[in-house]
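Structural characterization, general
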Amino acid sequence: MDNIIIEKIWQDSNEIELRVTAKSEYVQAKQSCYVEDDAIMMNADKIEAYMKNYDIECYLEFGTKIGNFTPAFSLTILPSQINRHVKVEVDIEIADNDKRAHRCCFYVNCELGQIERFGKLLRSIVTDEEGAVISLT
């Protein structure tokens, strides 16, 4: 079953370590990254805006994908189809070299309501205890 799962591993002040696991029919990938709580809230705001106009795509970045940073991942929520089905393009860095050269990109399928719920849960992960888990399903 397609899913995106984010677990809060650790938090110190405004920096949070997240572990993302994304699953599709063809691929399962996992990665950890460090994100500031403001960036998480900004991504939740973007999902909220997407829910008001789901005919445009919505790009979310967790961490920084370019430069000398820890691994990062992104989600691109594509415009909703007429039947309210949505594809989310997952782009996860594979942290197996110093050049940040390897990435895994694939689609996760879901429904519009799952995106709305995920955005609300994403907002709560900032204040939740370590070990909190959110997911599309």
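Above this note sits the structure.
What comes next is a walk through the structure. (Residues numbered from 1 in each chain as written. Predicted model: local features only at pLDDT ≥ 70, side-chain atom pairs only at ≥ 80, totals over all residues. Heavy atoms only, no water.)

**A look at the sheet that holds strand 4 (residues 58–62)**
Taken in spatial order, the four strands make up an open sheet running 4-5-6-7, and their pairing is antiparallel. The open sheet is flanked by strand 4 and strand 7 (102–111), the only strands paired with a single partner. Sheet twist, expressed as the mean angle between neighbouring strand axes with direction ignored, is 15 degrees. As judged from the ten bridges shared by strand 6 (residues 85–94) and strand 7, these two strands associate in the antiparallel manner. Opposite I94, over in strand 7, you have H102 as the bridge partner. (Pairing = 2+ DSSP bridges. Helix = DSSP H or I, 4+ residues; strand = E, 2+ residues; numbered from the N terminus. Axes fitted to C-alpha atoms, helices over the stretch in contact; angles between N-to-C directions.)

**Some words on the packing of aromatic side chains**
On inspection of all chains with the given rule, the structure shows two aromatic pairs. Between the aromatic rings of W10 and Y34, the centroid separation amounts to 6.1 Å while the plane-to-plane angle is 80 degrees, which identifies the pairing as edge-to-face. Here the residue W10 occupies a position in strand 1 (residues 3–12), and Y34 occupies one in strand 3 (residues 28–36), the gap between them amounting to 24 residues. Classification of W10 by relative accessible area gives partly exposed; the value is 31%. Sitting over the ring of Y107, K87 keeps its end group 5.4 Å from the ring centre. (Phe/Tyr/Trp six-rings, centres within 6.5 Å; stacked < 30°, edge-to-face > 60°. Buried < 20%, exposed > 50% of the residue type's maximum accessible area, 1.4 Å probe, protein only. Lys NZ or Arg CZ within 6 Å of the ring centre and 35° of its normal.)

**Observations concerning the sheet that holds strand 1**
In spatial order, the strands read 3-2-1-8; together these four strands make up an open sheet with antiparallel pairing. The open sheet is flanked by strand 3 and strand 8 (133–135), the only strands paired with a single partner. Strand-to-strand twist of the sheet, defined as the mean angle between neighbouring strand axes without regard to direction, takes the value 20 degrees. Sheet topology note: the strand 2 (residues 15–23)/strand 3 ladder contains nine bridges and is antiparallel. The residue of strand 3 that forms the bridge with L18 is C33. Here helix 1 (residues 37–52) sits on the sheet in contact with strand 2 and strand 3, set at roughly 115 degrees to strand 3. Along the sheet face, helix 2 (residues 112–125) touches strand 1, strand 2 and strand 8 and points at about 160 degrees away from the line of strand 8. (Contact = heavy atoms within 4.5 Å.)

**Topic: the environment of N43**
Tracing the backbone through its elements, the reader meets N43 in helix 1. Judged by relative accessible area, which is 2%, N43 ranks as buried. The sequence separation of N43 and Q81 amounts to 38 residues, and the corresponding C-alpha distance is 22 Å. When neighbours within four sequence positions are excluded, N43 is seen to be in contact with L60, E61, F62 and L122.

**Section: unusual backbone geometry**
Unlike most non-glycine residues, S13 shows phi in positive territory, near 60 degrees. With respect to the helices and strands, the residue S13 is situated in the loop between strand 1 and strand 2. Phi is positive for R84, close to 70 degrees, though the residue is something other than glycine. With respect to the helices and strands, the residue R84 is situated in the loop between strand 5 (73–77) and strand 6. Overall, the relative accessible area of 44% leaves R84 in the partly exposed class.

**What to know about the pattern of salt bridges**
Inspection of every chain in the model, using the stated rule, returns nine salt bridges. The salt bridge involving E7 is made with R19; its shortest N-O contact spans 3.4 Å. Taken together, the residues E7 in strand 1 and R19 in strand 2 connect sequence positions twelve residues apart. Given a relative accessible area of 25%, E7 falls into the partly exposed group. A salt bridge links K120 to E116; the nearest nitrogen and oxygen atoms lie 4.0 Å apart. Separated by four residues within a single helix, K120 and E116 lie in helix 2, roughly one turn from each other. The exposure class assigned to K120 is exposed, which follows from its relative accessible area of 56%. (Salt bridge = Lys/Arg side-chain N within 4 Å of Asp/Glu carboxyl O.)

These results come straight from atomic positions and should not be treated as a statement about function.
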